[in-house]
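Take a look at the letters that make up each chain.
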Amino acid sequence: MRNFFDEMHGADGHIRVAYADIAAWLAQTPAATLHAKREEAERLFRRIGITFAVYTEGGDTERLIPFDIIPRVLDAEEWAFLERGLKQRVTALNRFLADVYGPRDIVRAGKLTNEQIDAHPAYCEQMQGVTTPGGVYTHIAGIDLVRTGANEFYVLEDNCRTPSGVSYMLENRSVMMRLFPDLFARIGVEPVARYPQDLLRTLRSVAPTSDEEPCVVVLTPGQFNSAYYEHSFLADEMGVELVEGIDLVVRDKKVYMRTTGGLKRVHVIYRRIDDDFLDPMVFRPDSQLGAFGLMEAYRAGNVALANAPGAGIADDKAIYMHVPEMIRFYLGEEPLLNNVPTWDCANEGALAYVLDHLEELVVKETRGSGGYGMLVGPHSTKKTREAFAKKLRQNPSAYVAQPTLALSTCPTFVADGTAPRHVDLRPFVLSGADGIRIVPGGLTRVALNEGSLVVNSSQGGGTKDTWVLHTRQGGAK
Amino acid sequence: MLARAAESLFWLARYMERMDNLARLIEAAQSMAGVLSETEEWRSALTAAGVEELYDNVYDAVTPDSAARFLCSSPDNPSAIVTCLDFARINARAMRGALTRDMWEAVNQGWLESRQLGSEAFSPARLPDTLDWVRTISTRFSGAYQTTMLRNENYWFVRLGTFLERADNTARILDVKYHLLLPQESSGVGGMLDYYQWTSVLRAVSAVRAYQWVYREEVKPWNVAELLLLRPEMPRSLRACYDAITDCLDQIAAVHGGRRGECHRLAGAIASQLRYGRIGDIFQSGLHEHLTTQIERAAELGDQIAAHYMR
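Residues numbered from 1 in each chain as written. Chains lettered and ligands numbered in written order. Predicted model: local features only at pLDDT ≥ 70, side-chain atom pairs only at ≥ 80, totals over all residues. Heavy atoms only, no water.

Novice: What should I look at first to understand the overall build of chain B in this one?
Specialist: Summing up its helical and strand segments, chain B has 15 helices and zero strands in all. Its C-alpha atoms give chain B principal-axis dimensions of about 60 × 50 × 35 Å. Burial status across chain B gives 55% buried among its 311 residues. Long-range pairs, those at least 24 residues apart, make up 67% of the contacts in chain B with a sequence separation of at least 6. Carbon and sulfur atoms form 50% of the exposed surface of chain B, whose accessible area is close to 12,900 Å². Each charge class in chain B was averaged separately, 33 positive and 39 negative side chains, and the resulting centres sit 8 Å apart. (Helix = DSSP H or I, 4+ residues; strand = E, 2+ residues; numbered from the N terminus. Buried < 20%, exposed > 50% of the residue type's maximum accessible area, 1.4 Å probe, protein only. Contact = heavy atoms within 4.5 Å. Areas by Shrake-Rupley, 256 points an atom, 1.4 Å probe, with all protein chains shown as cover. Lys, Arg positive; Asp, Glu negative; His and termini not counted. Charge placed at Lys NZ, Arg CZ, Asp CG, Glu CD.)

The following block contains the structure:
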C-alpha cells in the first residue's frame, strides 16, 4: 500500500490546522446524526432536481451524483497560491489560442509545427484570423488539479471548451449551509455565491459594441442533455434567457431570438453545445442544436461566443505537455503549477518506455474524456495490460501516459464510518475583456470506492463542498 | 420572453389545472356511489374528461374501479392524472429558468411522489387519499406561482393557462350534466334524487358550500347553471375565468406596447357575453348549445393565443 497525503491528518498523523474545526466536529457528532444529515442532503438534491443523465442501457436516466457531507478544506494561503497559478496558466492558454488563430509566433519560435496545429481535430479553420474582444478564447475554463503533498499540486487537465460542474459547486454549498448553519457560523468560509454574477460580468465584457444593453443568453442542447440542469441553473441565476437552437435566427449577420414580442437581438451566447453543432452552414449540416449562419455573424463581430469555437485545441492531452513552455514563451514566467510528467506515445522512445512500464502508469486516450478508455496500471491485471498494449501499438499517437499520482485523500463519510478517499479539484476560471475572476474553491470530486483513483461521476465518483478559509483564520483553539 | 417559454409555461399551467379538475371530477363520481347508478355517474365523468371513447376501446363495461384507474393512471389514457403530471414536468423542465424554484419543486416533488404510487393507490379504498394528494400538489403549485413569481410576462402566461383550462373544464362538466338542469315538464322537481343529482354537479367543481353562501336556498337547477356560468364571485365559473383571461391578455399586450390580435378580440367577446348574459336567456336558446359553443371557443382561443405569441 502506498502512502497518500491525507488532507486532514497530514503526513505525520497530526490534524492539520485548516481541518481543526472539522476534526472536532466529526469527533463530537454521533454517526447517527451524520447518517440523518446525509439522507437529508440526498432528499434536498432530489427535490431541487440536480440530476445528471447517464448513458447506460435501461434504468433511470436521471441520477444523483452522490454528495459527501464532509467538506474539503483549503486554507487562505494555499488558495492564494492556487489562484496565482490558475491566473497564470489560463492567461497563457488564452495567449496561445490568440496566437494559434493569429500570427503563430509559437511556430516561428520552433515550439510547435503548423502541422501539429492544422491537423488537430479541435483546430477550427473558420477561426483563423478571427480576433476576439480582449483576446479571450476560453472565457470559462475548468482546470483539474490534484494534490500529492502539503505543498504539491499538479494540473491534471485543462478544460477549455464547455467545462461543467459549477452548479454542483454552488448547490453543494447551499445544501451544506442549510444542513450545518452552526459550522458556517463558527468557521469563516469564503462564499462562492457570486459566481453567476461574475460569469454575467465576464460575458458582458466581451459583447460587441452596441447602443443597446448587451443581451446575453445561454444556449443549451435541451432538457435531455446530461448537464441541462446546470444550463438552466446558470441562466436563471444570471437572469438571462435559456435558449435552444430553434429559438435563434440569423438575419443580416445578426443573431436574434424569437420572443413573444417578435425577434430580439442577441449579443453574447454562452453556448453549452459543442463546436460541431453550432452552425449547420459550416459545421455538421445535420445539427438542429445551433443556428444556421451563426458563424458568419460571429466572424462579422456581431455576436460573441463563449467559449470561442476551436478553443479545444488548448486542452487536448497532447498539447497539455506544452503548457509549461507556453507560460515561459508568452509570459516570460516560470509556471507556478506543475504539469504531470507526460509521455506522448506518438514519440517512439516514449512509446517503448510506456510499454515497458504499463504496470505503474496511467495511459489515457488523447481525445478521451469522462475517465473512459483509460488504463490505470497499478489497478490492472496482466490480461487487461496485454490487451491495452495491443491497442497502443496499433495507434500510438492516440495515447499519452502519466505516472500514477498519489492523489491526496480527505475524510469521507462511507457505509462503515469515516474513511479517507481520493479527491481532485476543479476550480472555474473566468476570463473577460476586463480581467480574470475566480471564486475561491471549485468542485471537489471524490472517488467513493475504496482505493479508487477515478473521480468521474460516471464511474463511482461523488462530490464535496470545497471550503476556502478566510485569511487569518486559524481554526485551532 | 422566448416564444417557446411562453408556450411551456402556458401548457405547464394547463396540465396542472387539468389534473386538479380530474381529481374533483373523480371525487364527485365516487361520492355519488350508492345514490345513483354508478355506471351512469362514472360514464359521465369519462365523458366530461373527454376520454369516453378511449375507455370503451379498452374496457367492455364501466365499473367504478376500472373507470377510476383509467382516469387516474392508465397508460391508454393520454390525459390521465399521472400523465398530466408527466407532461407538466416535461414542460417545466424544458423551461426551468422561467420557473421559480418553488414552482419547480412543487412540480418535481409531485412527479417524484407519483412515481412511488403503486396500483393499490387507485383502489376504491385508497382513492380518496390519492385524490387529496393530487389536490395538494396542484395547490402547492398554484400557491408557489402566486407567491413567488415576478408579475411579468411569465406570470401572465401561467395564469392564462390556468384559467383557459379551468373555463374549458367547467364548461365540459356542465355540458355532461346539462340534462339534469333542464326545466322538467313533469312535476318531479324537488325530489330527493334531483337534489342529489344537482348537488353532484356542484360537487364536481367543489361548489356545494359556495352555492349555499350565494343563494341561501335549496339547490335549484337554474341557480346551479347561473353559479357556474355567470357569477363573478365563483372562482370556477366561466365568467370568473374569462375575466381573468382578458386581464392576462391585457397585461401581456401592455408588455408589448399595446400590440393586440385576434386572441384579444375573441377573449373580450366571450367575456362580455358572460358579463352581460342572463341565465333565463341561455336556457331559452338552449343550455347545451351554449356550452358547446363555449367549448369550441375555448379551443379557438387557445389556437389564437398560440398564433399570436408562441410562434
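Novice: So what exactly am I meant to see when it comes to the overall build of chain A here?
Specialist: Regarding its fold elements, chain A presents 14 helices and 23 strands. The C-alpha extent of chain A, read off along each of the three principal axes, is 65 × 60 × 50 Å. Considering only residue pairs separated by 6 or more positions, chain A has 68% of its internal contacts joining residues 24 or more positions apart. As displayed, chain A offers around 20,000 Å² of accessible surface, 49% of which is attributable to carbon and sulfur atoms. For chain A, the centre of its 51 positive side-chain charges and the centre of its 61 negative side-chain charges are spaced 1 Å apart.

Novice: What's the story with the interface of chain A and chain B in this structure? I'm lost.
Specialist: When the parts of a complex come together, some accessible area is lost, and that lost area is often taken as the interface size. Across the boundary between the two partners, chain A contributes 25 residues, which contact 26 residues of chain B. In total, about 2,200 Å² of surface goes out of reach between chain A and chain B, with carbon and sulfur atoms giving 42% of it. Here chain A and chain B share three salt bridges between them. Counting every contact that joins chain A to chain B gives 13 residue pairs in polar contact (both at pLDDT 80 or more). For the side of chain A that touches chain B, the leading source of residues is helix α9 (residues 228-238) of chain A, giving five residues. (Buried area = accessible area lost by both parts, 1.4 Å probe. Salt bridge = Lys/Arg side-chain N within 4 Å of Asp/Glu carboxyl O. Polar contact = N/O pair within 3.5 Å; in protein donor to acceptor, adjacent residues only side chain to side chain.)

Novice: Any chance you could explain the sheet that holds strand β8 (residues 248-251) of chain A here in plain terms?
Specialist: Strand pairing within a sheet occurs via backbone hydrogen bonds; the two strands may be parallel or antiparallel. Residues and elements named next belong to chain A. In space, the three strands of this open sheet follow the order β8-β9-β10, with antiparallel pairing throughout. The sheet is open, and its two borders are formed by β8 and β10 (262-265), each paired with just one other strand. Between one strand axis and the next, the sheet turns by 40° as a mean value, whatever way the strands run. Of the pairings in the sheet, the one linking strand β9 (residues 254-259) to β10 comprises four bridges and is antiparallel in character. When the sheet's bridge partners are listed, T259 is paired in β10 with G262. (Pairing = 2+ DSSP bridges. Axes fitted to C-alpha atoms, helices over the stretch in contact; angles between N-to-C directions.)

Novice: Even after reading the chapter, I still don't get the packing of aromatic side chains, so can you show me in this structure?
Specialist: By convention here, two paired aromatic rings are described through the distance between centres and the angle between planes. Inspection of the entire model under this criterion finds 21 aromatic pairs over all chains. With a centroid separation of 6.1 Å and an interplanar angle of 25°, the aromatic rings of Y101 of chain A and Y137 of chain A are classed as stacked. With Y101 of chain A in the loop between α3 (76-100) and α4 (105-108) and Y137 of chain A in the loop between α5 (114-118) and β4 (140-149), this residue pair connects regions lying 36 residues apart in the sequence. Exposure remark for Y137 of chain A: the relative accessible area of 2% places this residue in the buried category. With centroids separated by 4.8 Å and ring planes inclined at 55°, the aromatic side chains of F184 of chain A and W467 of chain A adopt a geometry described as tilted. Here the residue F184 of chain A occupies a position in helix α7 (residues 181-186), and W467 of chain A occupies one in strand β23 (residues 461-468), the gap between them amounting to 283 residues. The same class applies to F184 of chain A and to W467 of chain A, which are both buried. Three or more aromatic residues joined by ring pairs make a cluster, and in this case those are F10, W11, Y15 and F87 of chain B. Sitting over the ring of W111 of chain B, R89 of chain B keeps its end group 3.7 Å from the ring centre. The ring of Y155 of chain B carries R151 of chain B above its face, with NZ or CZ at 4.0 Å from the centroid. (Phe/Tyr/Trp six-rings, centres within 6.5 Å; stacked < 30°, edge-to-face > 60°. Lys NZ or Arg CZ within 6 Å of the ring centre and 35° of its normal.)

Novice: Would you take a moment to explain unusual backbone geometry for this structure?
Specialist: All names here are of chain A. Residue N307 is bonded to the preceding A306 through a cis peptide linkage, with omega at -5°. Among the structural elements, N307 can be located in the loop between β12 (304-306) and α11 (317-320). For R104, which is not glycine, the phi dihedral falls at a positive 65°. Summarising the element assignment, R104 is placed in the loop between α3 and α4. Exposure remark for R104: the relative accessible area of 10% places this residue in the buried category. Of note, the phi angle at K253 is positive, near 60°, even though the residue is not glycine. Examined against the element boundaries, K253 turns out to sit in the loop between β8 and β9. For K253, a relative accessible area of 42% gives the class partly exposed.

Novice: How should the packing of helix α8 (residues 153-181) of chain B against helix α12 (residues 238-255) of chain B be read in this particular structure?
Specialist: In a packed pair of helices, the relevant descriptors are the angle between the two axes and the axis-to-axis distance. Residues and elements named next belong to chain B. Viewed as axis vectors pointing N to C, α8 and α12 meet at an angle of 155°, and their least axial separation amounts to 9 Å. The orientation of α8 relative to α12 falls into the category roughly antiparallel. The crossing of α8 and α12 is left-handed. Note on element contacts: α12 touches α8 through L238, C241, Y242, A244, I245, D247, C248, L249, Q251, I252 and V255, opposite E153, W156, F157, R159, L160, F163, L164, R166, A167, T170 and A171. Classifying every residue of the contact of α8 with α12 gives 16 nonpolar, two polar and four charged. (Parallel < 35°, antiparallel > 145°, perpendicular 65-115°, else oblique. Left-handed = near helix turned anticlockwise from the far one by under 90°. Nonpolar A, V, L, I, M, F, W, Y, C, P; charged D, E, K, R; others polar.)

Novice: Would you explain the pattern of salt bridges in this entry?
Specialist: A side chain with one charge can pair with a side chain of the opposite charge if their charged atoms come near. In total, this model carries 47 salt bridges over all chains according to the counting rule given. Among the ionic pairs, R284 of chain A bridges to D286 of chain A, the shortest N-O distance being 3.0 Å. D286 of chain A gets classed as partly exposed once you look at its relative accessible area, which sits at 48%. Of the charged contacts in the structure, one is a salt bridge between D281 of chain B and R278 of chain B, with a shortest N-O distance of 3.4 Å. Salt bridges sharing common partners tie together E7, R16, R72, E78 and R147 of chain A.

Novice: Got a minute to help me understand the domain arrangement of chain B in this structure?
Specialist: All names here are of chain B. Annotation of chain B at the domain level lists domain 1 (1-149) and domain 2 (150-311). Domain 1 and domain 2 are separated by 20 Å when their C-alpha centres are compared. Roughly 2,900 Å² is buried in total at the junction of domain 1 and domain 2, and carbon and sulfur atoms are behind 60% of that figure. At the boundary of domain 1 and domain 2, one finds five salt bridges. Every element with two or more residues in the side of domain 1 that touches domain 2 is listed here: α1 (3-31), α2 (38-48) and α7 (127-148). Residues that form the side of domain 1 that touches domain 2 fall into these classes: 17 nonpolar, six polar and seven charged. (Domains from an automatic or database assignment.)

Novice: Is there a simple way to explain the packing of α1 of chain B against α8 of chain B in this structure?
Specialist: All names here are of chain B. Where α1 meets α8, the closest approach of the two axes is 7 Å, and the angle between their N-to-C directions is 35°. Judged by the twist between their axes, the crossing of α1 over α8 is right-handed. For the pair α1 and α8, the contacting residues are A6, L9, F10, A13, R14, E17, R18, N21 and L25 in the first and N154, F157, V158, L160, G161, T162, L164, E165, R166, N169 and I173 in the second. Taken together, the residues of the contact of α1 with α8 sort by class into ten nonpolar, five polar and five charged.

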